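Residue-level listing of the chains:
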Amino acid sequence: MVTLAIVHSFVSHLIFYGILEAFSKKVMSQVQVVAAPNTPEYCHSFKTLLVEELELQTSYLRLHYGQCAIIGRLALKSAHFWLENVRVRSLPENYSLPEGAVSVLLLGLTREKAIEQRVSTGCYCIVRGEVVLCNVLRPNSPTLTARGVHEQFGSLAHDQIAQKQFISKLRLTHKPAVDLWFIQSIDRPEDLLTLRLKIRGMTVR
Amino acid sequence: MEINCGFDDVEDQLENFVIRRKQQQGKSTDSAESRAKIYEDIPLTLMHILRATEDSEREHVFITHNNNGAPIHFRTCIVYGFVAGFGTHNDYFNKYLIDDGTGSLEASIAKKPGNREVISCLYNEVTSLGSSDAFKPSAERLIRILKSAMECIDPSPIARGNSLFLSGRPNMFRGKVGMDAFHFFIDSGRSRDMEMGFADYLTDWHENYSL
């Protein structure tokens, strides 16, 4: 708190003299980040994500919150539809996983819908929807989001052991999944993914 | 007007106003030309449009920034987006929620009812001409042309899940950023060649962009 107060008075000094306004803004935003619990902001556009980014995320506190667009190969495993990863050619050889190495669960896609949308297992698709956490032990219970995880985590702030237990328990009961809004079969998935990632890289601040 | 001042007075003031305005305009275009190039029909992402601001000095000129913070001045732009939903259509505009993964906004596409009427009149006329053998080959060609002309004018076939090319300009209204599209082109189906072509052009343009 003492350091915060020092930073604060330092900042107000800078503003008083009307110098280095950009710098002071930067410091101010850092102060706010420290002061407020960093609840994630909902992503209102279909951000290009990788299957790997959802499936290999070890901490659900860092899971994407909001809408996403994912390119992958459709698969049917134990009566559920999954989206398998495709190779990311722009990554170095030892970082890029072979096709189909990991897969993410798709919610809301039935056989009828798949036929209606002209997609079938084995075909390459772009999937648009929302990232959720699905309870794998009780399949029909309500889904969670990264924000829900943050709020529950925050409510245990008085007890760090309980926080750790909550996160590790969640990893046993919940898996990341995509609540599907749109699905479209596509050609040349690797090329499209490479270009879409390039645009993502170009627009990240 | 008759009570307060004569006709001459009004004319005097009008002349003053016109002269002063001209001087100002001349000045601003001079400094503008020396300052930055204004681009037309540049490829942008929706995030660039959402970040754009209006130029305070010049009408219909917008300023956006690339990732390095370099300003880009432009009048019109081209975007490629996915139709995620519909807005409220009215008699003159169809509105669509478009999304390219970097942002989403509402795009208005003019319905151009006048042009549509002209084309459908021509279409009917040509179809009736096609019934006589002498005109049949050219009538068939004209029908094809008129059909594709209609595809470029009538936005009603645009469906959720399609992708669109749009050329137009940002539209700032009550603090919300949207887009007014002058032209559109529907790109649907398995082949993503058009999307990839645009993405390639977009990334190249911005990599090579310098002031």
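Our next topic: the overall build of chain B. Scanning chain B from N- to C-terminus turns up five helices and ten strands. Relative to its 211 residues, chain B shows a buried fraction of 22%. Expressed as a percentage of contacts within chain B between residues at least 6 apart in sequence, the contacts between residues at least 24 apart total 53%.

Further remarks concern the overall build of chain A. The helix and strand tally for chain A stands at seven helices and six strands. For chain A, restricting intrachain contacts to residue pairs at least 6 apart in sequence, the fraction spanning at least 24 positions comes to 65%.

Bringing the nonpolar core into the picture now. Judged by nonpolar contacts, the single largest core of 68 residues is most densely connected at Ile70(A), Leu83(A), Val104(A), Leu106(A), Val127(A), Val178(A) and Ala107(B). With residues near it in sequence (within four places) discarded, Ala107(B) still touches Lys95(B), Tyr96(B), Ile98(B), Leu166(B), Gly178(B), Met179(B) and Ala181(B).

With that out of the way, let us pick up the sheet that holds strand S5 (residues 71-74) of chain B. All names here are of chain B. The strand order S1-S5-S4-S3 describes an open sheet built from four strands, whose pairing is mixed. On the outer flanks of this sheet lie strand S1 (38-39) and strand S3 (53-54), each paired with one strand and no other. Taken together, the two bridges between S1 and S5 define a ladder with parallel strand orientation. Each bridged residue has a counterpart across the sheet, and for Tyr 39 the counterpart in S5 is Phe 74.

Time to look at the domain arrangement of chain B. Partitioning chain B into domains gives domain 1 (47-110 + 157-211) and domain 2 (112-154). The centre of domain 1 of chain B, based on its C-alpha atoms, is set 31 Å off from the matching centre of domain 2 of chain B.

Residue and element names in this part refer to chain A. The contact between helix H5 (residues 146-155) and helix H6 (residues 160-173) brings their axes to 9 Å, and the two run at 150°. In this view, H5 runs roughly antiparallel relative to H6, as classed from their interaxial angle. Both H5 and H6 take part in a crossing whose hand is right-handed. The segment H5 lies against H6, with Val 149, Gln 152 and Phe 153 engaging Gln 163, Phe 166, Ile 167 and Leu 170. Considered class by class, the residues forming the contact of H5 with H6 number five nonpolar, two polar and no charged.

Moving on to the pairing of strand S3 (residues 80-84) of chain A. Residues and elements named next belong to chain A. With five bridges joining them, strand S2 (residues 66-77) and S3 adopt antiparallel strand pairing. When the sheet's bridge partners are listed, Leu 74 is paired in S3 with Leu 83. In terms of strand pairing, S3 meets strand S4 (residues 103-107) through three bridges, oriented antiparallel. Among the inter-strand pairings, Leu 83 is bridged to a residue of S4, identified as Val 104.

A few words on the interface of chain A and chain B. The interface is formed by 21 residues belonging to chain A together with 20 residues belonging to chain B. Elements that contribute at least two residues to the side of chain A that touches chain B include exactly strand S1 (43-49), strand S6 (174-185) and helix H7 (189-203) of chain A. Here the side of chain A that touches chain B is composed, by residue class, of eight nonpolar, six polar and seven charged.

Let us now look at the packing of H7(A) against helix H5 (residues 193-208) of chain B. Interhelical geometry of H7(A) versus H5(B) gives an angle of 35° and a closest axis separation of 10 Å. Taken as a pair, H7(A) and H5(B) cross one another with a handedness that is left-handed. Residue-level inspection shows Asp191(A), Leu192(A), Leu195(A), Arg196(A), Lys198(A), Ile199(A) and Met202(A) of H7(A) in contact with H5(B), the latter providing Glu195(B), Met196(B), Ala199(B), Asp200(B), Leu202(B), Thr203(B) and His206(B). Grouping the amino acids of the contact of H7(A) with H5(B) by side-chain chemistry returns seven nonpolar, two polar and five charged.

Residues and elements named next belong to chain B. Across chain B, the average pLDDT comes to 85, with 83% of residues at 70 or higher. Ignoring residues within four places in sequence, the model shows residues 19-33, a span with pLDDT below 50, making four contacts including any to other chains. On the interface metric, ipTM, the complex scores 0.76, and its pTM is 0.77.

It is worth spelling out the pairing of S6(A) at this point. On any regular strand, side chains alternate: one points to one face of the sheet, the next to the other face. Residues and elements named next belong to chain A. Across three bridges, the pairing between S4 and S6 is parallel. By the bridge assignment, Leu 106 is partnered in S6 with Val 178. Bridge analysis of strand S5 (residues 124-135) against S6 gives eleven bridges, and the strand direction is antiparallel. Note on S6: the bridge partner recorded for Cys 125 is Ser 185.

Cut-off values and rules
Residues numbered from 1 in each chain as written. Chains lettered and ligands numbered in written order. Predicted model: local features only at pLDDT ≥ 70, side-chain atom pairs only at ≥ 80, totals over all residues. Helix = DSSP H or I, 4+ residues; strand = E, 2+ residues; numbered from the N terminus. Buried ≥ 20, exposed ≤ 12 C-beta atoms within 10 Å, placed from the backbone. Contact = placed C-beta atoms within 7 Å. Core = buried A, V, L, I, M, F, W, Y, C linked by C-beta atoms within 7 Å. Pairing = 2+ DSSP bridges. Domains from an automatic or database assignment. Axes fitted to C-alpha atoms, helices over the stretch in contact; angles between N-to-C directions. Parallel < 35°, antiparallel > 145°, perpendicular 65-115°, else oblique. Left-handed = near helix turned anticlockwise from the far one by under 90°. Nonpolar A, V, L, I, M, F, W, Y, C, P; charged D, E, K, R; others polar. pLDDT = per-residue confidence, 0-100.

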